[in-house]
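Close look at the chain arrangement
Spelled out from the first residue to the last, the chains are:
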Amino acid sequence: MKLHELLLRKISRLNSSTPNPHHIRIPPLSTAKLLDIITTSNPMEPALENVAPVLLPAVVNSVLKEIKNPQLGFRFFVWAARRRNFRLWVSFDFIVDMLVEENGFELYWKTLEQLKGCGISIPSDAFTVLIAGYRKVKMGEKAVEAFGRMYNDFDCKPDLHAYNVVLHVMVEKEVILLALAIYSVMLKSNCAPNCATYTTLIDGLCKSGKTEDALRLFDEMTLRGIQPNRITYTAILSGLCQAKRADEAGRLFNTMISSGCSPDQITYYALLDGFCKLGEFDKAFTLSRFLKKDGCVLGIKAYSSLIDGLFRARMFKEAHELFQKMSEENITPDLILYTIMIRGLSDAGRVKDAWNLLRLMTERGVAPDTYCYNTLIKGFCDMGLLAKAKSLKLEISKHDCFPDTFTHTILICGMCKNGLVGEAREIFNEMEKVGCLPSVVTFNALIDGLCKVGELEEAHLLFYKMEVGRNPSLFLRLSQGQNRVLDSASLQTMVERLCDSGALLKAYKLLKQLADSGVLPNISTYNILINCFSKAGNINGAFKLFKELQLKGHLPDSVTYATLIDGLQRVDREEDAFVVFEQMMKKGCTPSSSVYKSLMTWSCRRKKVSVACSIWMKYLMSLPGREEEAIKAAEEYFERGELDKAVRGLLEWESKFVDFDSAPYTILLIGLCQAGKSDEALKVFSILVEWGINVSAPSCVTLIRSLCIEHNLDQAINVFCYTMEKGFMLKRCCCNELLQCLLTQGKPYNAMDLLKKMNYEGYNLDALLYHNTKVLLRSQWRTQKTENVSLR
């Protein structure tokens, strides 16, 4: 008689006898005895059921570690997973480790098929561990397939843990639409979500830029009575900061603390990083001081966020000082921080220092990765040092890295920016040969480069190649059996329908194809081409593209409308430009300041200064927090011709705002000059100087020329002197025009005095002066010499 049968008889006798008055304790089954049952019983399940009452979870876990035959181990785990009292996460982790070994997944599936053939029900946990295994080896498609087969092929209803693990996979693989569809299925099947479910989805939505959706889900979570934990708060705080909603992030942080949920270092760092990216340095440094008071040591992550934020705000000196301070505190920079420093130095134009830092980090044993090299390559391209940038591309492979799509895109942008479109085209053609597929940014860069050198036809051909080449919309058409392109709302509906019908894997493949291709023309592509057609005077071609982008499911943005408006103005269709402007607002697209400024500029060029002023007033009324009464008062001053009062009133009111923009004042100044109203332009100039607002060099040039035409040379000299005080170096034509006016209109001494000042301020007079100006100066010099002789 076998050992396990003897044990079963003893157990049955004990169970059938009368209650033991002395409470005799039945000893638990040992690991060795349980192993014997597993290896000798076929099938093992009936024998295991008999000994289940005397099994301890620790013994189950011990057996899984000691069992030699993986298939027997998997089968035993599936049996144990049916009983909640045997659930140990250690066992789950151990099975995951077994799965990722050679042939592990294959043997596990074979085991599941055997159990299905024997009519043995398979619990949800058996699939949860399988999905977790695929997640560990980053095989998202296989994880989704396992989840789909769970209820399609094995009639196994997923429980909360299975849903949560597969949602993690989908968020990691950036298929948030599918995660939301699965969440919908979960609710329909009456499986109540928990904090982990919501946290996963909220994190995914925030990372994909859907902050509003994340906040709605956050509200839904609290309405269900589920308390957010530290990780949930951290995810939503990061999302709010990413969406540039720092005030809301601060308020939520306070809510988190008041609700009794203590932030940890990760939460603090997430908020600190958000404040830094938004340029909210007062809040960032206040938070860092609070961290120190709370006993937290500012680590490398905190320093990296602060230095990165300072560089982004172009506070180069402060960033470098903080880097030095960090070194003094014996915090060793890592690859991320070195990359931040290299990017910051490159942005400051200090590419030589960035290059030296790359060499220093290598010497210190920190190997640069492709992203680090890309940062420096961009720095060299921005400075026009293209040969150096190309040599760095070749150097990447020395550190077991490879140039990627971003490397090639940066070089293509650099080449196009410097007019080397032929070389950019060669790099583009090489990309696929080395396994780098061009992204939408790559296409946009080359299309823009081709447009700028006038190769409009080739740019248009590249646009169609982009659309047809690896176009996922073709897959969408095939999947629906329809000849149409789906917008995002239709896509979401389609994914939900596929999930409801059990075609989960099909939905995943569809979304991954969309995500991985990334070469559909986006709104930026259309804007580049519309701008190109508009500048070429082909406004009909621009409008055709405008209609096409809407048919393809894109919404025109402020840049699209601004480009069309500018194009219509170029071909003298002013009325149509204002019609498009009105249409833009009716469609709910808020015009940016550049749209208003473009309309103002064109109205000024047509000498319609009053129209430009009314556009300006309309722009001011569109801004949040502006006082209607102040704008109306300025309008009345303009109507009465009291320009100086209107400008002073607006400056007094507008200067209170952080987002004050001096450009409309500059446009008005230039417009008055173009309309021949140099006296009024001079008033605007004087008021701007009085208020400490810098008047740009081009505005000064326009005003000087206008004053010269009006023979107001004393004021023209004053404006020229203002440019020298500000360190502007004006172009030859303006300088010579003013000097010639002074020399020919009876002000030679003023001309001589101005020349002395120009020489002192660093003007190269020999190279600057035209031949005619030099002739006039010699003539004046001879006249002065003759006068001096006659006086003697």
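Residues numbered from 1 in each chain as written. Predicted model: local features only at pLDDT ≥ 70, side-chain atom pairs only at ≥ 80, totals over all residues. Heavy atoms only, no water.

1. Let's talk about the overall build of the protein chain
Basically, it comes down to this: Only runs of H or I of at least four residues qualify as helices and only runs of E of at least two qualify as strands under DSSP, and these elements are numbered from the N terminus. Three labels apply to residues, based on accessible area from a 1.4 Å probe with only protein chains included: buried if under 20% of the type maximum, exposed if over 50%, partly exposed otherwise in between. In this description, contact between two residues means that some pair of their heavy atoms is separated by no more than 4.5 Å.
When helices and strands are counted, the protein chain shows 46 helices and 0 strands. Split into buried and exposed, the 792 residues of the protein chain put 47% on the buried side. Long-range contacts, defined as pairs at least 24 residues apart, comprise 64% of the intrachain contacts of the protein chain with a sequence gap of at least 6.

2. Section: the pattern of salt bridges
Cut-off, in case you're wondering: By convention in these notes, a salt bridge is any Lys or Arg side-chain nitrogen within 4 Å of a carboxyl oxygen on Asp or Glu.
Going through the model one piece at a time under the given rule, you end up with 36 salt bridges. Of the charged contacts, one joins Lys618 and Glu582 as a salt bridge, the two residues approaching to 3.2 Å between their closest N and O atoms. Of the two residues, Lys618 sits in helix H36 (residues 609-622) while Glu582 sits in helix H34 (residues 574-586), which places them 36 residues apart along the sequence. Looking at Lys618, the relative accessible area reads 37%, which means it is partly exposed. Through salt bridges with shared partners, a single ionic network connects Asp308, Arg312, Arg343 and Asp347.

3. A word on the packing of helix H24 (residues 405-417) against helix H25 (residues 421-431)
Definition in use: Structural elements are reduced to axes, namely lines fitted to C-alpha atoms, with helices fitted over the stretch in contact, and the angle between N-to-C directions of any two is expressed from 0 to 180 degrees. Roughly parallel refers to an angle under 35 degrees, roughly antiparallel to one over 145, roughly perpendicular to one between 65 and 115, and oblique to any angle outside these ranges. For any helix crossing, the convention is left-handed if the near helix is rotated counterclockwise from the far helix by under a right angle, and right-handed if that rotation is clockwise. Amino acids are sorted into nonpolar (Ala, Val, Leu, Ile, Met, Phe, Trp, Tyr, Cys and Pro), charged (Asp, Glu, Lys and Arg) and polar (every other residue, Gly among them).
It is at 8 Å that the axes of H24 and H25 come closest, and there the two elements cross at 165 degrees. As judged from the angle between their axes, H24 and H25 are roughly antiparallel. Judged by the sense of rotation from one axis to the other, the crossing of H24 with H25 is left-handed. Contact with H24, carried on its side by Thr405, His408, Leu411, Ile412, Met415 and Cys416, involves Val421, Glu423, Ala424, Ile427, Phe428 and Met431 of H25 and no other residues of that element. Taken together, the residues of the contact of H24 with H25 sort by class into 9 nonpolar, 2 polar and 1 charged.

4. Quick look at the environment of Cys381
With respect to the helices and strands, Cys381 occurs in helix H22 (residues 370-382). With 34 residues separating them in the primary sequence, Cys381 and Met415 have C-alpha atoms 7.8 Å apart. Contacts of Cys381, omitting those with residues within four sequence positions, involve Leu386, Ala389, Ile410, Leu411, Gly414 and Asn418.

5. Points about helix H33 (residues 558-570)
As a reminder, the rule being used: Any helix carries an expected span of 1.5 Å times its number of residues minus one. For the purposes of these results, a polar contact is taken to be a pair of N or O atoms within 3.5 Å, where, inside protein, one atom must be able to donate a hydrogen and its partner to accept one; residues adjacent in sequence count only when each atom of the pair is a side-chain atom.
Here H33 spans 18 Å end to end across 13 residues, near enough to the 18 Å set by a 1.5 Å rise per residue. With 11 of 13 residues buried, H33 lies mostly within the body of the structure. Looking at H33, one finds that the buried residues are Ser558, Thr560, Tyr561, Ala562, Thr563, Leu564, Ile565, Asp566, Gly567, Leu568 and Gln569. The secondary structure elements touched by the buried residues of H33 are helix H31 (523-535), helix H32 (539-551), H34 and helix H35 (593-605). One side-chain oxygen of the residue at the start of H33 lies 3.1 Å from the amide nitrogen of Val559, identifying that residue as Asp557. Looking one or two residues past H33, Asp572 carries a phi angle of roughly 65 degrees, positive in sign.

6. Points about the packing of aromatic side chains
Note the threshold: Ring pairs shown here join Phe, Tyr and Trp side chains whose ring centres sit within 6.5 Å, with only the six-membered ring taken for Trp; geometry is labelled stacked below 30 degrees between planes, edge-to-face above 60, and tilted in between. Placement of a charge over a ring requires the Lys NZ or Arg CZ to be within 6 Å of the ring centre, with the centre-to-atom vector within 35 degrees of the ring normal.
Taken as a whole and judged by the stated rule, the model has 23 aromatic pairs. Among the aromatic residues, ring-to-ring pairing joins Trp109, Phe127 and Phe154 into one connected group. Directly above the ring of Trp109 sits Arg149, whose terminal nitrogen or CZ lies 4.3 Å from the centroid. Positioned above the aromatic ring of Trp355, the side-chain terminus of Lys388 is 4.0 Å from the ring centre.

7. Here's the deal with unusual backbone geometry
The step from Asn42 to Pro43 runs through a cis peptide bond, and the omega angle for that step is 0 degrees. The residue Pro43 is located in the loop between helix H2 (31-40) and helix H3 (45-51) in this model. Non-glycine residue Glu174 carries a positive phi angle of around 60 degrees. Its location among the elements puts Glu174 in the loop between helix H10 (160-172) and helix H11 (176-188). In this structure, Lys607 takes a positive phi of about 65 degrees despite not being glycine. Tracing the sequence through the fold places Lys607 in the loop between H35 and H36.

8. What to know about the packing of H32 against H33
Axis separation between H32 and H33 bottoms out at 10 Å; the angle between their running directions is 160 degrees. Judged by the angle between their axes, H32 and H33 are roughly antiparallel. Seen along the crossing, H32 lies across H33 with a hand that is left-handed. Every residue of H33 that contacts H32 at Ile539, Ala542, Phe543, Phe546 and Leu549 is listed here: Thr560, Tyr561, Leu564, Gly567 and Leu568. Per-class residue counts for the contact of H32 with H33 are 8 nonpolar, 2 polar and no charged.

9. Focus on the confidence of the model for the protein chain
Here is the rule: Across the chain, each position has a pLDDT score giving the predictor's confidence in that residue, from 0 to 100.
Within the protein chain, residue pLDDT values average 83, and 89% of them lie at 70 or more. A low-confidence stretch, residues 1-24 stays under pLDDT 50, and its non-local contacts, those more than four residues away or across chains, total 14 contacts. Per-residue pLDDT stays below 50 along residues 471-486; that stretch engages in 28 contacts with residues further than four places along the chain or on separate chains.

10. A look at the state of the cysteines
Quick reminder of the rule: Cysteine sulfur atoms that come within 2.5 Å of each other are treated as a disulfide pair.
This model, assessed by the stated rule, comprises 0 disulfides. Distance from the sulfur of Cys604, which forms no disulfide, to the nearest cysteine sulfur (Cys613) is 7.3 Å.

11. Concerning the environment of His711
Along the chain, His711 turns up in the loop between helix H41 (697-709) and helix H42 (713-725). In this structure the C-alpha to C-alpha distance between His711 and Cys741, which are 30 residues apart in sequence, comes to 8.2 Å.

12. Structural notes on a nonpolar patch on the surface
Rule in force here: Residues with no salt bridge and a relative accessible area higher than 30% make up the patches, which join like charges within 9 Å and nonpolar side chains (Val, Leu, Ile, Met, Phe, Trp, Tyr) within 5 Å. Reported accessibility uses the Shrake-Rupley method at a 1.4 Å probe radius. Residues are deemed covered only where the shown protein chains occlude them.
Together, Val100, Val137 and Met139 make up a nonpolar patch on the protein surface, roughly 190 Å² of accessible area in all. In this fold, Met139 is placed in the loop between helix H8 (124-136) and helix H9 (140-152). On the basis of relative accessible area, Met139 is assigned to the partly exposed category, the value being 34%.

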